[in-house]
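Inside the fold
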Amino acid sequence: LTGSEERPSVGAIKNARHPFYEHCEDTLDRIRQQGRYRTFTPLARQAERFPLYEEEYPGLPEGREVIVWSTNDYLGMGVVPEVQDAAIAAIRDHGAGAGGTRNIAGHSPLHARLEAELAALHGKEAGLLFISGYVSNQASLQTILSSMPGWICFSDRLNHASMIAGIKGAKGSSTVIFEHNDLADLEAKLAAAPVDAPKMIAFESVYSMDGDVSDIGAICALARKYGALTYLDEVHAVGLYGQEGGGVSQRDGVADQVDIIEGTLAKGFGVHGGYVTASAEIIDFLRSTASGFIFTTSLPPSVVGAALVSVRKVRAENWRREALFERVATFRQRLRAAGVPFTMTDSHIVPIPVGDAERCKRISRRLLNEFGHYATPINYPTVPEGTERLRLTPGPFHTDEMMDDMVRALATLLRAEGLMPTREVAQQL
Ligand code: PMP
C-alpha cells in the first residue's frame, strides 16, 4: 500500500462527522452518569417583591411564586429603585452599550468616577474596571505573573476558578499551592522558595462555598517577612463587611497591607462587573498591558451608572449590612431549634451538608417543586466529591415566616433522605 491509498478520500472526509461531536457526546454522557449534568432553573426575579421570584410553570401563564435562598445579590442592591433608575437614566443619556473598548471611545466620565469610588472604598490610589469579577482575576493574575521572570505564586488550595485560570495561564511563572487557610503551611512553603524570586500570595477573604474567612493580617505579615506581593479576592465580602462595605480587609483594618484588592460589582453591589484596586503604578501597569482589559468592549453605561449609585449607597448606609447579619443569625437559630444540620461559618453563608450529588439535586428539586423554595445544589467540581451541599444565603428581606417555612421544608426533606441527626446527636448541636 502506498501512503495515498491509506488516507481516506477527500469525499469521505467531507461527509464524515467531525470527531469533536462524538467527544461532546461522550463527555456529556460521562457527566450525566456521574450525576453532574447541570440544568438551569428558569426563575424571574420580581424586583418589587425580592426575594420572591416567578418560576416558569407548565399550565400557569404567570408562572408560580418561589422564594430564593441562593442569590449572590446579598443585600438586594439590584432592586433598589435608585440603582434601577440610574441604569435607566444612563441608557437614556448615553445609549445601551459602551460602543467600544476603553481605548476606543468606550471610556466615559462614569467609568472614571466609578473607578475613583472603588479606589476610595478600599483606601487605594487607583481602581480599574473589568467586564466581570472572573475576568478581573484571570486577566490581572495572568498579566502580573507573566511580567517578570521567575514569579512564584503561592495560591490557596480553595481559590476560585478565575484565579486559577489566571495563575495557570501565566507564562514562565510557577505555582505553589498551600493548604487552605493554613498559615504554617504557607510559611513553610515561602521559606523553602528561593529568596530572590518575585513572589505573590493569592487568596480570598470569604471563601464562598465553605463560608470561612482568611486571616488577612497574618497572611500580609508573612508576605512582608518573605517579600511577597499580596493579591486578595474580596468578591464575597465587598458590600457586606467593614464600616463602608470595603470587605474583610476593611473590617480588620488591614486594607493598607494588601497590595491588590479585587472585587465584583455583581454580588454585594447587586449590579455587574469586576475590578481591582491598588497603587497607581500597578493599576497603570494593568491598564496598559492586561489583554483582558484592553481588548474588550467596556462595561455599558447602564451598568456603570447603576454600580456607581449602588457603591455610594452601600458605603453610606449600614442598615442593609446589619439586617443581613441579623437575618443570618435568626435563620441559624431556627435551623438549630428544628435540628436541621448546617455548617457553622464565620460569614453570611449557610451550607447544609448533603454529601452526594444525586441526593443534593433531589433535595433541591423537591424543595422547589413541593415547597416553593429554591436553594442551589453545589456539586463536584465546584466542591470536592463527598462534600456536596446546599448553599444558602439568607438576606435582609427574608422574613420570619419565610424562614419557618423553609426550615420545615428542609427538615422534611432531610429526614426523607436519612440526613436528620437522631435526637441525641441533635441535642449536642
Ligand atoms: N471570585 C470568586 C471567589 C467568585 O466566587 C466569583 C464568582 N462567583 C468570582 C470571583 C467572579 O465574579 P463575577 O461573578 O463578577 O465574574
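Identification of the chain as 5-aminolevulinate synthase from Acetobacter vaccinii is taken from an unreviewed UniProt entry. Its UniProt record gives the chain the following Catalytic activity (unreviewed entry) comment, quoted word for word: "succinyl-CoA + glycine + H(+) = 5-aminolevulinate + CO2 + CoA". Among the UniProt annotations of the chain, the heading Sequence similarities (unreviewed entry) holds the following wording: "Belongs to the class-II pyridoxal-phosphate-dependent aminotransferase family."

Attention now moves to the sheet that holds strand S1 (residues 43-45). Hydrogen bonds along the backbone pair up the strands of a sheet, which may run parallel or antiparallel. The strand order across the open sheet built from four strands is S1-S2-S3-S12, with neighbouring strands paired in mixed fashion. The two strands at the open ends of the sheet, each matched to only one other strand, are S1 and strand S12 (373-374). When strand S3 (residues 60-68) meets S12, the two strands line up parallel, connected through two bridges. Residue pairing for S12: valine 68 is matched across the bridge by tyrosine 374.

In this section: the packing of helix H5 (residues 109-122) against helix H13 (residues 301-316). The axes of two packed helices give the description: the angle between them and the distance between them. In the contact formed by H5 and H13, the axes pass within 9 Å of each other and the chain directions differ by 30°. By the angle between their axes, H5 is roughly parallel relative to H13. Judged by the twist between their axes, the crossing of H5 over H13 is left-handed. Counting all contacts with H5, which are made through Leu110, His111, Arg113, Leu114, Glu117, Leu118, Ala120 and Leu121, the residues of H13 involved are Pro301, Val304, Gly305, Ala307, Leu308, Val311, Arg312 and Arg315. Of the residues assigned to the contact of H5 with H13, the class counts are 10 nonpolar, two polar and four charged.

A few words on the side chain of asparagine 159. Turning to its location among the elements, asparagine 159 is positioned in the loop between strand S5 (152-156) and helix H7 (161-169). Polar contacts involving the side chain of asparagine 159 include one to the main-chain carbonyl oxygen of alanine 202, which spans 2.9 Å. Once residues lying within four places of it in the same chain are set aside, the contact partners of asparagine 159 are Ile164, Ala202, Phe203, Glu204 and Tyr207.

Taken as a whole, the chain shows an average pLDDT of 95; of its residues, 97% reach a score of 70 or greater. Of all helices and strands in the chain, the one with the weakest mean pLDDT is helix H17 (residues 423-428) (55), whereas strand S9 (residues 260-264) scores best (99). Listed scores for the predicted complex are pTM 0.94 and ipTM 0.99.

The subject of this paragraph is the UniProt feature "domain: Aminotransferase class I/classII large" (unreviewed entry) in the chain. Residues annotated by UniProt as "domain: Aminotransferase class I/classII large" (unreviewed entry) correspond here to residues 65-410. Its end C-alpha atoms 18 Å apart, residues 65-410 is made of 44% helix and 15% strand.

Let us now look at the sheet that holds strand S14 (residues 389-392). Pairing in this open sheet of three strands is antiparallel, and the strands run S11-S14-S13 from one edge to the other. Every interior strand has two partners, whereas the edge strands, strand S11 (350-353) and strand S13 (377-378), have only one. Across the face of the sheet, helix H14 (residues 319-338) comes into contact with S11 and S14 while running at roughly 25° to S11. Contacts between helix H15 (residues 357-371) and the sheet are confined to S13 and S14, with S14 contributing the most and set at about 45° to the helix.

On to the site of the ligand, then. With respect to spatial proximity, the complete set of residues near the ligand consists of Ser132, Gly133, Tyr134, Asn137, His160, Ser162, Glu204, Asp233, Val235, His236, Thr264 and Lys267. With respect to the ligand, the side chain of aspartate 233 contributes an N or O atom lying 2.7 Å from a nitrogen atom. When the free accessible area of the ligand is taken as 390 Å², the share hidden by the protein chains comes to 84%. Looking at the shell around the ligand element by element, the count peaks at three residues for helix H6 (residues 133-145).

With that settled, the discussion passes to the nonpolar core. Grouped together as the largest cluster of nonpolar side chains are 82 residues, with contacts concentrated most on Ile201 and Leu392. The biggest single contributor to this core is helix H16 (residues 400-416), with nine residues. Filtering out sequence-adjacent residues up to four positions away, leucine 392 remains in contact with Trp69, Phe331, His348, Ile349, Val350, Ile352, Ala375, Met406 and Leu410. Listed in part, the 25 residues of the second largest apolar core include Ile144, Leu145, Tyr231 and Ala278.

Looking at where serine 162 falls in the secondary structure, it is placed in helix H7. There is a polar contact of 2.7 Å between the side chain of serine 162 and the side chain of histidine 160. In this view, serine 162 contacts Tyr134, Asn137 and Gln138; residues no more than four positions away in its chain are not counted.

So, about the pattern of salt bridges. Taken as a whole and assessed by the stated rule, the structure comprises 26 salt bridges. Linking glutamate 317 and arginine 320 is a salt bridge whose minimum nitrogen-to-oxygen distance equals 3.0 Å. With a shortest N-O distance of 2.8 Å, arginine 327 and glutamate 326 are connected by a salt bridge. Accessibility expressed as a relative area gives 10% for arginine 327, which makes it buried. Linked through salt bridges whose partners overlap, the residues forming this network are Glu326, Arg327, Arg334, Asp400 and Asp404.

What follows covers unusual backbone geometry. Look at the link from phenylalanine 50 to proline 51: it is a cis peptide, with omega at 10°. Relative to the elements of secondary structure, proline 51 occurs in the loop between S1 and strand S2 (52-57). In this model, tyrosine 380 is joined to proline 381 through a cis peptide bond whose omega is 10°. In this structure, proline 381 sits in the loop between S13 and S14. Non-glycine residue alanine 105 carries a positive phi angle of around 65°. Judged by relative accessible area, which is 68%, alanine 105 ranks as exposed.

Criteria and cut-off values
Residues numbered from 1 in each chain as written. Predicted model: local features only at pLDDT ≥ 70, side-chain atom pairs only at ≥ 80, totals over all residues. Heavy atoms only, no water. UniProt positions renumbered as here; feature names shortened; annotations may be inferred. Pairing = 2+ DSSP bridges. Helix = DSSP H or I, 4+ residues; strand = E, 2+ residues; numbered from the N terminus. Axes fitted to C-alpha atoms, helices over the stretch in contact; angles between N-to-C directions. Parallel < 35°, antiparallel > 145°, perpendicular 65-115°, else oblique. Left-handed = near helix turned anticlockwise from the far one by under 90°. Contact = heavy atoms within 4.5 Å. Nonpolar A, V, L, I, M, F, W, Y, C, P; charged D, E, K, R; others polar. Polar contact = N/O pair within 3.5 Å; in protein donor to acceptor, adjacent residues only side chain to side chain. pLDDT = per-residue confidence, 0-100. Near = heavy atom within 4 Å. Areas by Shrake-Rupley, 256 points an atom, 1.4 Å probe, with all protein chains shown as cover. Core = buried A, V, L, I, M, F, W, Y, C linked by side-chain atoms within 4.5 Å. Buried < 20%, exposed > 50% of the residue type's maximum accessible area, 1.4 Å probe, protein only. Salt bridge = Lys/Arg side-chain N within 4 Å of Asp/Glu carboxyl O.

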